[in-house]
Structure formats: C-alpha cells, structure tokens
Amino acid sequence: MIARDLTRNPIVEKEYRTRMRTWRSSCALMACVLIVGGIGWLIFALISGITARYTQSNAVNYGLVLFIVLLILQEAVLTFITPALTAGAITGERERQTLDLLLCAPISAVALLWGKLIGSMAYVLLVLLVLAPVFSLTLLFGGVAVHQIVIGLAVTIVSALTIATVGLFFSTVFRRTIPAMVLAYIATFVLVVGVLIGGWVYQWARVVITYGSNGSNSYTSAALIADVSPAVAFIALSTEDSGSSSFQFQTVPDGPFKGWTYWQFNLAVNGLLCLCAFGGSTLLLAPGRGAPWRS
Amino acid sequence: MIAVTGLTKRFGARPAVDGVTFEVPAGEIFGFVGPNGAGKTTTIRMLATLLRPTSGTAVIDGIDVVRQPERARRRLGFMPDFFGVYDRLTASEYLMFYAACYGVSRHRRAKIILDLLELVDLADRRDSLVDTLSRGMKQRLCLARALVHDPAVLLLDEPASGLDPRARMEMRGMLQELRSMGKTILIASHILPELTELCSMIGIIDQGQMQATGPVRDVVRGLTPSRRLLIEVLDRQDDAVTLCQRFPSVQTAELTSGGIEVAFTGDERAMASLLRSMVSDGIPVVAFTRLEAGLEDAYLKLTGGGEDAA
C-alpha cells in the first residue's frame, strides 16, 4: 500500500501542473541563471584581470575557483528557493481548504507528504538542470575531477532535500503559511550558515579561554557542528588534491566520526535530519497510526 | 446505511456533540438541521473520518468509521461547506486528481469524469480553469468531486449555501437525481423550506443533542399537534377575533395582514363548528383555510426560535 502510494502518487502530478502554471516559476528559473551566471562571470573576469597572462596553470586555478564559487552560489540560490517551495505545502492546502478533502480520501499521510516533497524537489532539480551549462564552465578550464563535481552536486541536492523536509515539517506544525515560512527560513539559515559560525566561534572561544590568544588551534568534537554546513564539504572537496594550507584537514580528525570525509559526514547528518523532519511531519499530520485524525 | 449511536465529541470539557443517535436507511435523504454551533459540522466531520469521536459509534454502509477509516472513506463522499478547489487546474483535471486519489483506475477516469461533468451540467466547461467558474459552478464541481469514486453515502454540509435561487433549484434537482440513483444522502442545511421538499427524513440538533429524528412528516406532526387556520373576513375583524378566542379549541387568534391566524387544537368537526358559529354570528367569512404545519414550526419549537432559523 505504502509502496503504491509512493510510486504512483497523484499529488506529484498535481504539484507539477500547478507549480509550472504560474509566471513566478519561470521567472525564478530565469533569475537563478542570471544571478549564478552573472556572478560566476564576474568572478572569472576579476581573476582574469588580476592575472596578467593566461597560462595552463592559471587555467587550472580558474577552474578550481569557479568550481567552489559556483557550488556555493548554487547552494545559496537553493537555500533561498527551497523553503518557499515546501513551507507552504500543507499550510497552503489548509488555507485553500483542500486539506480536509485530501485527508478524507484514502491516501495516506506519508503519500501526501511524499507527493509534496517530490513535487518540490523536482523543481529544485530543474533549477540545477538550468544551471548545468553555467556549471560546465569549470570543465573548460580543467583542474576539477568528475568525482568532485558529482560529490559536490550530491551534497547540494541532499542539503536542498534537508531544507525541503524541514520546510515541510514547519508546514505541518503551523496553520498559516507566514509563520511556517519564517521558521523554515530561520532553520535553513541555522543549518547552512548558523552551524558554521556557531562551531567556529565555539572552537575559537575554547582555544582562547584554554590557551590564551596564542594557544594551539586543535580540533575538538564540539567543532563538528560546523561541519554540518555544506560549505565545509564544498571547501574540503575543492582542496582535495591540492594539499592547500588554507584548509587543514580532508577528513574529520577527531570524535565519533574520525576518519570520515567531510562530504560523507555532511550527507550522513543531512540524511538523518531529513528522516527526522519527514517522520515528524507524518506524525503531526496523522497522529493515529496512519489515520489522519485531527482532534 | 448510516447508523450513529451515542456519538460524542468533547473539546476539553465542553461537549460539541453529546450522545447523538440516528439512523438513515439506504436511499433516503436525511436533513440535518440546527442552529449555528449546534454540532452539525462536528458530527459530519466525525462521519467523514476527519475527527475522532470521544465516544460512540458511527457505521457507514456496514463499516465502523472509527475502526476502519480507510475502508469507510471509500464508501463516502464528503462535500464541506466551502469550495476547496485548486485554481490552476481545469475542471476535468481537478476531478482527475481526486479520482486518482481515490484509486480509480486510469482507463476508467476519463469516462467517469465526462459522465460526472454532464451530471452536474459542466461538460461545456471541462477545460475551463476552476478559478474562472462561478460560485454555483464551483459548488456543482465540488459535488462531482464527491462522486468520483461512486460512493454509497454522500455527506453534504450546506450544499446550497450562498447560491442564488436558480442555482439552488439546480442543486436540488441534482440531489433528487442522485437519490434516484440509490445514493444515501445526509444534508446539513439552514434552508428549511428546501429540506422539506427534498428530504424524506430529518434530524434536529441543538446544543450538541439530537432533539428529534425520523421521517419529516412524523417529526413535524409530533412536534406541532395544534393546527393553524387562516380565516379571512370582509369586515368585523375584531368581532371575529373575539369569537375565535372564546371558542374552546382555539389556543390563540391574532389579526395579521393576511387575515386571522388561529392556533387550533380541535379536530375537523370542531373546525366546522367554528366556521358555523362565525357564519351564524353574521361575520362575513370569505376564506377558511387550514395551514399545514411545516418544518420551520417544528424547528422553532425545538430550538426556541433560534436566530438561525431560515
């Protein structure tokens, strides 16, 4: 029953239709290409201007710089778009007064949420698809291995999936779209940027308090929280083969995840967050063993 | 077809529905009336598996809606008192979507939807966006949506609310057609005259408790034992009113713009006797009419003349 709900889901088809029948969807896609392409071009132009002559080694640097810049830009765009796609998914049905009609149809809460999630993630994948030509510029210059691109995209997609399920969770918590949207954006900021700042500030404060301002900057398990941010995985990935001094480690050096690469850690933590947020949404929408009772 | 026994729903300490019991046999139209906040919508939402009852049982087509909500949903069609439409879908896409939600096989959907659109007289608007339909059309589309899986029981909450007289007549015609197709229909409504014409059974609920239930005629007769007479006279109205008030079987007699309205408890012989007295007293009687007690009278009697009486 659940397998059928997940594979032949009418909500997904409806989401495809309704989402793409508004000018906003097309405009958002166009804006994504213009922003990412424009900033990518700007970075490229700046680097080209600074570097006097175009040589083969410069080209490799261009490729790496473009790779990391585009990965982060892509993540930023999805961070901005994804909460808007899912934070209104259930509250929107409630406000349109269609949620009751869905809940009294023989379709499970899991199938309903799955349909909403897939419908939103399809749009996210469409954004990545239209950005693919821009992203492919990195291949022109070389310096980036195919597996780095694949892993970078995987981290981006899983990060977007986490943001989408967190948005979906807040959509089931609140009755109105606006508070759900606000909380979804705050949670997204925390997951992408907040953990980074929080983890690094904690690490810096610990070092200063323990050793003074000249103390050893050794890694602590508490700093692991910063590694939840996809930015850490992107930076580690882009410095993978260069032995760059700007980023000290390629794998988590300490704690329970010692030896894991940053992208592995990121995928695992985000995957876990996805499961928790989706499970929580299901329980909130259908507290009584698959029956959508709302008391 | 619908059997409700001791159905209770409490929100905190306050009972919204308190031990409601009624039965609706197959193929009947049951009118469910009561003032705002009486518990009609809460009862319908429990029957539609959207609210879990605090206690009591509700069985639809032999299926307990509390124990087997999944199965019950396949047997019932629910139409709430709001439209609940997706603006960016066409009428046929809207029905297709719900048909898929109810598991109607893909190859049957097109035929079913065409039939339903013809039933609700929207076949020529099948490719129109729902947003462009009038209120009456949206209401009819919602009725079609409730029918996509061919349910045995229809639960309709205020199906004619906000509709103009013509749209109401069309809705009434559609419901009668559905009854002739063998559907069992429960309608919650405030529009009592329409329910009188449409329903074969009635349930009057007030403050969460069922006050009366049964065939419409039995309920009305049981609640309004006195008859009403309308007497028109050419002149001497005051004498006529005084004579009526002195007559043993008359409860009240009042002069209104249409004539003298008399609440009468006697039988037909007593009625003839009253007429004879008036004529022999020289009062020029031009009309002596018995008014049938209606659902409004029964409703007002039970609900204390609530402000929502239509």
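Look up a bit, the structure's there.
Residues numbered from 1 in each chain as written. Chains lettered and ligands numbered in written order. Predicted model: local features only at pLDDT ≥ 70, side-chain atom pairs only at ≥ 80, totals over all residues. Heavy atoms only, no water.

**Student:** Where do I start with the packing of helix H2 (residues 10–20) of chain A against helix H3 (residues 91–101) of chain B in this structure?
**Tutor:** Each pair of packed helices gets described by two things: the angle between the helix axes and the distance between those axes. For the pair H2 of chain A and H3 of chain B, the least separation of the axes is 9 Å and the interaxial angle reads 160°. Taken together, the axis directions place H2 of chain A and H3 of chain B in an arrangement best described as roughly antiparallel. Residues Pro-10, Ile-11, Lys-14 and Arg-17 of chain A of H2 of chain A form the contact with H3 of chain B, whose participating residues are Glu-93, Phe-97, Ala-100 and Cys-101 of chain B. Split by residue class, the contact of H2 of chain A with H3 of chain B holds five nonpolar, no polar and three charged. (Axes fitted to C-alpha atoms, helices over the stretch in contact; angles between N-to-C directions. Helix = DSSP H or I, 4+ residues; strand = E, 2+ residues; numbered from the N terminus. Parallel < 35°, antiparallel > 145°, perpendicular 65-115°, else oblique. Contact = heavy atoms within 4.5 Å. Nonpolar A, V, L, I, M, F, W, Y, C, P; charged D, E, K, R; others polar.)

**Student:** What is the right way to look at empty space enclosed by the protein in this model?
**Tutor:** Empty space among the atoms becomes visible once a probe the size of a water molecule is rolled across them. Residues and elements named next belong to chain B. Tallied over the entire structure, the rule returns two cavities of 30 Å³ or more. The computed volume of the largest cavity comes to approximately 80 Å³. Residue lining of the largest cavity: Pro-159, Ala-160, Arg-168, Met-171, Arg-172, Leu-175, Ile-187, Ser-189, Ile-191, Glu-194, Leu-195 and Leu-198, and that is the complete set. Secondary structure elements with two or more residues in the lining of the largest cavity: helix H6 (165–180) and helix H7 (192–198). Considered class by class, the residues forming the lining of the largest cavity number eight nonpolar, one polar and three charged. (1 Å grid on protein atoms, 1.4 Å probe; cavity = no way out; pocket = protein on both sides within 12 Å on 5 of 7 lines; lining within 4 Å. Points joined across faces, edges and corners; volume = space filled by probe spheres on them.)

**Student:** Honestly, unusual backbone geometry in this entry has me stumped. Any pointers?
**Tutor:** A negative phi angle is the norm for most residues apart from glycine, just as the trans form is the norm for most peptide bonds. Residue and element names in this part refer to chain B. Of note, Gln-207 is a non-glycine position whose phi angle comes to about 50°, a positive value. Mapped onto the elements, Gln-207 comes out in the loop between strand E9 (201–206) and strand E10 (209–215). Unlike most non-glycine residues, Arg-236 shows phi in positive territory, near 55°. Looking at where Arg-236 falls in the secondary structure, it is placed in the loop between strand E11 (227–233) and helix H9 (237–246).

**Student:** What is the right way to look at the pattern of salt bridges in this model?
**Tutor:** As a working rule, side chains carrying opposite charge can pair if their charged atoms are close by. Residue and element names in this part refer to chain A. Across all of its chains, the model carries 21 salt bridges over all chains by this definition. A salt bridge links Glu-93 to Lys-116; the nearest nitrogen and oxygen atoms lie 2.7 Å apart. In this pair, Glu-93 sits in helix H5 (residues 89–95) while Lys-116 sits in helix H7 (residues 109–135), placing the two residues 23 residues apart along the sequence. Across this residue pair, the class does not change: Glu-93 and Lys-116 are buried. (Salt bridge = Lys/Arg side-chain N within 4 Å of Asp/Glu carboxyl O. Buried < 20%, exposed > 50% of the residue type's maximum accessible area, 1.4 Å probe, protein only.)

**Student:** Would you mind showing me how to read the sheet that holds strand E5 (residues 63–64) of chain B here?
**Tutor:** The strands that make up a sheet are held in pairs by hydrogen bonds between backbone atoms, and each pair lies either parallel or antiparallel. Residues and elements named next belong to chain B. One open sheet holds the four strands; their spatial order is E2-E1-E4-E5, and the pairing between them is antiparallel. Edge positions in the open sheet fall to strand E2 (14–24) and E5, since each of these has one partner strand only. Of the pairings in the sheet, the one linking strand E1 (residues 2–11) to strand E4 (residues 55–60) comprises five bridges and is antiparallel in character. Residue Ala-3 lies in a different strand from E4, and its bridge partner there is Val-59. In the packing of helix H1 (residues 40–47) onto the sheet, contacts are made with E1, E2 and E4, and the angle to E1 comes to roughly 115°. (Pairing = 2+ DSSP bridges.)

**Student:** Would you take a moment to explain the side chain of Thr-165 of chain A for this structure?
**Tutor:** Residues and elements named next belong to chain A. Assignment of secondary structure puts Thr-165 in helix H9 (residues 146–173). Looking at Thr-165, the relative accessible area reads 1%, which means it is buried. In contact with Thr-165, not counting residues within four places along its chain, are Leu-117, Cys-274, Ala-277, Phe-278 and Ser-281.

**Student:** When you look at the state of the cysteines in this model, what are you seeing that I'm missing?
**Tutor:** Put plainly, a disulfide is one covalent bond tying together the sulfur atoms of two cysteines. Evaluated as defined, the whole model comprises zero disulfides over all chains. The thiol sulfur of Cys-274 of chain A is not disulfide-bonded, and the nearest other cysteine sulfur, from Cys-276 of chain A, lies at 9.4 Å. (Disulfide = S-S within 2.5 Å.)

In short, the description is geometric, and any link to function would need to be established separately.
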